[in-house]
Amino acid sequence: MKCALVTGGSRGIGKAICVRLSASGYHVIVNYHSNITEAENTLELIRSNGGSGELLQFDVANGVEVEKAIDSWKANNKESIIEVLVNNAGIRQDALMMWMEDSTWNNVLNTNLNSFFYVTKQLIKEMMVNKFGRVINIVSLSGIKGMPGQVNYSAAKAGVIGATKALAQEVGKKNVTINAIAPGFIKTDMTADMNEKELKNLIPMNRFGEAEEVADLVAFLASKKASYITGEVISINGGLYT
Ligand code: NDP
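Residues numbered from 1 in each chain as written. Predicted model: local features only at pLDDT ≥ 70, side-chain atom pairs only at ≥ 80, totals over all residues. Heavy atoms only, no water.

**Q** Just give me the short version of empty space enclosed by the protein, but keep the residues and values in it.
**A** Any empty space left between atoms is shown by rolling a water-sized probe over those atoms. Under the counting rule described, the total for this entry stands at two cavities of 30 Å³ or more. In this structure, the largest cavity occupies an estimated 60 Å³ of space. Looking at the largest cavity, the residues that line it are Asn 87, Ala 89, Asn 112, Ser 115, Phe 116, Asn 137, Ile 138, Lys 157 and Val 160. Of all the secondary structure elements, the ones that give two or more residues to the lining of the largest cavity are helix H4 (102-130), strand E5 (133-138) and helix H6 (151-171). Among the elements that line the lining of the largest cavity, the one with the most residues is H4, at three residues. Here the lining of the largest cavity is built from residues that sort into four nonpolar, four polar and one charged. Approximately 30 Å³ is the volume attributed to the second largest cavity. Together, Thr 7, Val 60, Asn 87, Asn 88, Ala 89, Thr 111, Ser 115 and Val 119 line the second largest cavity. Of the residues in the lining of the second largest cavity, the class split is three nonpolar, five polar and no charged. (1 Å grid on protein atoms, 1.4 Å probe; cavity = no way out; pocket = protein on both sides within 12 Å on 5 of 7 lines; lining within 4 Å. Points joined across faces, edges and corners; volume = space filled by probe spheres on them. Helix = DSSP H or I, 4+ residues; strand = E, 2+ residues; numbered from the N terminus. Nonpolar A, V, L, I, M, F, W, Y, C, P; charged D, E, K, R; others polar.)

This is the structure:
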């Protein structure tokens, strides 16, 4: 069975990615942190579209928890292989740097950057042995451009971009590709507190993006059609920044 693991698959962009990858024929492992109701909704949507999937709860920011959960999944699924990993789970906790608490810095770095290391480390070796693998990291325009009020988030996403480029060079020979997708403003819970009416005026396409639009790009990068793309950061932002 070919499997795809999507972190933060319970809501927003991750949910759309789960549904889209399941339509590409993957058995989708839907990771979530605490919102089991929304995670079950994602799974229900996958199944009602004729796909298959399962839930796997863990906190991506906790290396021990990640290792335990993925090890136990592997032990119960010896015949299966996770060939697509989407590192999507993320949080933002905005504050101006001069007033930023240590905890706000650490939470955002742990959830958005250290998570990449914890989760990818558990799966990269099997991908290399299998001589096929796709790692897709959801980063952000903030990690490319830097955003005021988001020094923590911008640093974390920029860190993942650097890691994407470095890891791509380590594993390219084994037919494993590592890419990042950098969305601009996408309509999800994460942006629900933002003033879309005002902000859309900054966007050449004059609207926020949809989670499904990001999911289509993930599906392309996961597919064999994207075999020669690696170490890239692809923006999807309605023309907001170049
Ligand atoms: P949402 O807030 O809508 O969803 C976040 C998802 O991440 C949820 O499924 C949540 O799980 C999960 N999650 C959060 N913390 C953890 C954790 N510690 N362990 C496991 N899962 C966790 O976010 P979006 O869908 O908007 O964002 C998805 C990704 O896209 C993030 O990396 C974000 O930084 C990035 N992004 C989003 C943009 C946007 O405009 N929306 C723009 C640029 C980048 P649970 O439901 O259990 O809480």
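Okay, back to it.
**Q** With reference to specific residues and values, describe the pairing of E5.
**A** Counting buried residues along E5, six of its six residues qualify, which places the element largely inside the surrounding structure. Neither face of E5 is exposed, since Gly 133, Val 135 and Asn 137 on one face and Arg 134, Ile 136 and Ile 138 on the opposite face are all buried. Of the pairings in the sheet, the one linking strand E4 (residues 81-87) to E5 comprises four bridges and is parallel in character. The residue bridging Asn 87 from the neighbouring strand is Asn 137, located in E5. Remark: the E4/H4/E5 crossover connection has right-handed handedness. (Buried < 20%, exposed > 50% of the residue type's maximum accessible area, 1.4 Å probe, protein only. Pairing = 2+ DSSP bridges. Right-handed = clockwise from strand over helix to strand, strands pointing away.)

These figures capture arrangement, not role.
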